[in-house]
Amino acid sequence: MPEMPTRLAEIVDEFAAAPRDLVLEMLLEYADVIPPLPAEHADREGMEQVPECQTSFFLRARVTPEKTVETLFDCPPEAPTTRAFAGILAEGLEGASPEQVLAVPDDLYQRMGLAQAISPLRVRGGTAILARLKRQVREQIS
């Protein structure tokens, strides 16, 4: 059975082991990880909106011919928590296989200890981002 990517597992462990009062600070460091959208996606062509997020958030997962998953995220800078969720996924899933992406646990953000640090609404948004990403990957490999 495939496991989630090593880098993502390391990020989860870092958060789970961190003192509660540092979790939010650590989370926000990931808000800057997301690169700007490439020019060919400036109009969000082919990207899916995640309505569970409080801000306008778009994503796309693409399974490459090399059988790795590429992620694209678009989220406004004024939504640092949501950007941070995407940043964690962007960094943690880089170079991952479709099977590894699908092996990411659905309760990822709870495992990281974020449920105590941020509002349930935000955790739900992060969970929805992951669910849609996994669904897009599943659709491309089936």
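Just so you know, these numbers come straight off a predicted model, no measurement behind them. (Residues numbered from 1 in each chain as written. Predicted model: local features only at pLDDT ≥ 70, side-chain atom pairs only at ≥ 80, totals over all residues. Heavy atoms only, no water.)

**Remarks on the pattern of salt bridges**
Then step 1. One pass over the full model with this rule turns up 11 salt bridges.
Then step 2. Of the charged contacts in the structure, one is a salt bridge between glutamate 10 and arginine 7, with a shortest N-O distance of 3.4 Å. Of the two residues, glutamate 10 and arginine 7 are both situated in helix 1 (residues 6–17); the distance of 3 residues between them amounts to about one turn of the helix.
Then step 3. For arginine 7, a relative accessible area of 28% puts it in the partly exposed group.
Then step 4. Ionic pairing is found between glutamate 52 and arginine 132, a salt bridge with its closest N-O pair at 3.1 Å. You can see glutamate 52 sitting in the loop between strand 1 (48–49) and strand 2 (58–63) and its partner arginine 132 sitting in helix 6 (residues 120–141), a full 80 residues away along the chain.
Then step 5. For glutamate 52, a relative accessible area of 35% corresponds to the partly exposed category.
Then step 6. Using a relative accessible area of 17% as the deciding quantity, one classes arginine 132 as buried. (Salt bridge = Lys/Arg side-chain N within 4 Å of Asp/Glu carboxyl O. Helix = DSSP H or I, 4+ residues; strand = E, 2+ residues; numbered from the N terminus. Buried < 20%, exposed > 50% of the residue type's maximum accessible area, 1.4 Å probe, protein only.)

**Quick look at helix 2 (residues 20–29)**
Then step 1. Buried within helix 2 we find Val23, Met26 and Leu27. For helix 2, the buried positions fall inside an angular range of 100 degrees around the axis, keeping them on one side. For helix 2, the exposed residues lying more than 90 degrees away from the buried face are Asp21, Glu25 and Glu29.
Then step 2. Tucked inside the fold, the buried residues of helix 2 contact helix 1 and helix 3 (80–92). (Arc of directions from axis to C-beta. Contact = heavy atoms within 4.5 Å.)

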